[in-house]
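Geometric and topological summary
The lines below spell out each chain.
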Amino acid sequence: MNLLRRILAPRRVRRFDAAAGGRRWDARPAFGRVGPETLAASAPIRSRARHCYANDPYARNGVDAFVTAAVGFGIKSESAHLDDAMRDALGVFFARWSERADAEGRTTLAGLQREIVRALKVDGEAFAAIESGPDGLPRLRIIPAELVDESHTRDLDGGGYVVAGVEFNAAGERVAYHIFRDRPTDVFASVRPAERIPADRILHVFEPLGAGQVRGVSALAPILLRLSELDQLEDALLVKEKISAMMMAFLVDTNGTAADSPFDGESAGSILESGLEPGTMKFLPSGWDVRLSQPQQAAQSAEFLAHQIRAVAAGLGVPVHLVDGNLAQANYSSLRAGSVAFRQRVEALQWTVLAPQFLAPVWEAVITAGVLSGRLDAPDFESATGDYLACEHFPPPLPWVDPKKDIEAEDLAIKAGLKSRRQAVAERGYSVEALDRERAADAKRERDLELTAQEAKANATE
């Protein structure tokens, strides 16, 4: 009996339900290796993401909100040299170069930072070429992602290999990029082969999803399908509301005598053509009834749309009010709590992606070129390279809901030794040396004009 019970008893299997099979998992295919999956999906996702960013208001608002939070008026890079005079000279030199950093002459370094982050979110990756300007200093040129030859994948002699236009050596280090020299304005791609450009002249900025990823994938990937369905749903609801707004009436022959009814031809036309006005009373012949069209309203459509928009905001990583612009349900506590999580996400991108992949290499290229060209006097550059190339980055502070408390908290941090004045001033886009000089000039001008004494006298009189 015990043997029979053991045979008929259900078999116990140790397993993770998430790794099991069954009908509920049949519609969800598995995700393969990160490298091949991202390479196969990056191009079609990028095309759809660009269309979505250009046409969908929620995607445009969410992406622009993230770009503004990450860059603002520009992330300021400051020298970390130990000598005060040299640190000031390096800062002034880089600030002047920043005004003409764009190879196309359209914007400043801050504008290029915005383009980099926008491409990072929409395309999934951003490329910038370091070119030599007419004055011998570097210039940055943004390269569209499609100009990096995605079809170029092969093995090389000596153990090197090329994957989607990115060349690696045998140790797995990036050594070059294969880039088409097409003009970004060309409608059709040319048949010219891609040009091999050393990796130290190309800045490739992207946030990898996992190990082994070579090219980036748009941050809009989790929400593209949802945005497409949401757009279709809104169109359908709009058409439905248009139809509901139309007054439609149907004349019904209640006794089935329409063929013999005198209410036909001219009589029917006179009733319909006379129109309806407030307070109008219409008489119908015997046997006829009027039924008005009353389309059923979807009472929960608004809540369902709001839920979908919240999902879009979650996919973009921004608070929902930055996507739909709706602050009706927001209050001080909810806005502040949402801002804290948003700040953390933005800071993670700034320090783990932008700083090492874009900001630091740009600083090194500009300072090195300045020293080699003789524009910067650095006699001990080769023996103390770390001092000259060391830098700090100060993103603009994200404003809180209450600016007064933000200033008070910053003042307390400085007094407690948790933050320096130089750091606080740099975060606002200024140089502490220049600020102190301006403050000293203001104080001297007040003394020379006796403004302080006059103000004190005026206050005493009052």
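This write-up is about the structure you can find in this document.

Conventions we followed
Residues numbered from 1 in each chain as written. Predicted model: local features only at pLDDT ≥ 70, side-chain atom pairs only at ≥ 80, totals over all residues. Heavy atoms only, no water. Helix = DSSP H or I, 4+ residues; strand = E, 2+ residues; numbered from the N terminus. Buried < 20%, exposed > 50% of the residue type's maximum accessible area, 1.4 Å probe, protein only. Contact = heavy atoms within 4.5 Å. Areas by Shrake-Rupley, 256 points an atom, 1.4 Å probe, with all protein chains shown as cover. Expected span 1.5 Å × (residues − 1). Arc of directions from axis to C-beta. Pairing = 2+ DSSP bridges. Phe/Tyr/Trp six-rings, centres within 6.5 Å; stacked < 30°, edge-to-face > 60°. Lys NZ or Arg CZ within 6 Å of the ring centre and 35° of its normal. Core = buried A, V, L, I, M, F, W, Y, C linked by side-chain atoms within 4.5 Å. Axes fitted to C-alpha atoms, helices over the stretch in contact; angles between N-to-C directions. Parallel < 35°, antiparallel > 145°, perpendicular 65-115°, else oblique. Left-handed = near helix turned anticlockwise from the far one by under 90°. Nonpolar A, V, L, I, M, F, W, Y, C, P; charged D, E, K, R; others polar.

1. Things to note about the overall build of the chain
- Along its length, the chain carries 16 helices and twelve strands.
- The buried share of the chain, taken over its 462 residues, is 34%.
- Contacts spanning at least 24 positions in sequence make up 66% of the contacts within the chain whose residues lie at least 6 apart.
- Accessible surface, the chain: about 28,900 Å² in total, of which carbon and sulfur atoms supply 55%.

2. Considerations on unusual backbone geometry
- Backbone geometry at Ala164 places phi at a positive 55°, although glycine is not the residue there.
- Note that Ala164 resides in the loop between β5 (161–163) and β6 (166–168).
- Judged by its relative accessible area of 4%, Ala164 falls in the buried class.

3. A few points about helix α13 (residues 403–415)
- The first and last C-alpha atoms of α13 sit 19 Å apart over 13 residues, in line with the 18 Å expected at 1.5 Å per residue.
- Along α13, the residues that are buried comprise Asp406, Glu410 and Ala413. What you see down the axis of α13 is that its buried residues fit within an arc of 60°, all on one side. The outward face of α13, more than 90 degrees from its buried face, is lined by the exposed residues Lys404, Leu412 and Lys415.
- Next to the buried residues of α13 lie α14 (421–427).
- Once α13 finishes, Gly417 follows within two positions and takes phi at roughly 80°, a positive value.

4. Describing the sheet that holds strand β7 (residues 174–179)
- Reading across the sheet, the five strands line up as β4-β5-β6-β7-β8 and stay open at both edges, with antiparallel pairing between neighbours. The open sheet has two free edges, formed respectively by β4 (154–155) and β8 (195–198), since each of these has just one partner strand.
- Relative to β6, β5 runs antiparallel, the two sharing three bridges. Opposite Val162, over in β6, you have Glu167 as the bridge partner.

5. So, the environment of Thr368
- In this fold, Thr368 is placed in helix α11 (residues 332–372).
- For Thr368, a relative accessible area of 24% translates into the label partly exposed.

6. Remarks on the packing of aromatic side chains
- Within the structure shown, the criterion is met by five aromatic pairs.
- Each ring, one from Tyr161 and one from Phe168, has its centre 5.1 Å from the other, and the planes form 15°; the classification is stacked.
- Taken together, the ring pairs connect Phe94, Trp97 and Trp363 into an aromatic cluster.
- Directly above the aromatic system of Tyr53 lies the positively charged group of Arg60, at a separation of 4.5 Å from the ring centroid.
- The ring centre of Phe66 lies 4.0 Å from the NZ or CZ of Lys121, which sits over that ring.

7. Some details on the side chain of Arg46
- When you line up the elements, Arg46 lands in helix α3 (residues 34–55).
- For Arg46, a relative accessible area of 5% puts it in the buried group.
- Ignoring sequence-local partners within four residues, the contact set of Arg46 consists of Asp123, Glu125, Ala145, Glu146 and Glu150.

8. Considerations on the nonpolar core
- In terms of nonpolar packing, the biggest core is built from 67 residues, with Trp97, Leu220, Phe358 and Ile367 touching the most fellow members.
- Tallying contributions element by element places α11 first for this core, with 14 residues.
- If near-sequence neighbours (up to four positions away) are discounted, Phe358 is found in contact with Leu109, Gln113, Ile116, Ala128, Leu140, Leu203, Val205 and Val353.

9. Section: the packing of helix α4 (residues 57–71) against helix α6 (residues 109–122)
- As a packed pair, α4 and α6 sit with axes 9 Å apart at the nearest point and diverge in direction by 135°. Classified by the angle their axes make, α4 and α6 are oblique. Crossing angle aside, the handedness with which α4 passes α6 is right-handed. Contacts between α4 and α6 involve Val63, Asp64, Phe66, Val67, Thr68, Ala70 and Val71 from the former and Ala110, Gln113, Arg114, Val117, Arg118, Lys121 and Val122 from the latter.
- Looking at the contact of α4 with α6 residue by residue, the class counts come to eight nonpolar, two polar and four charged.

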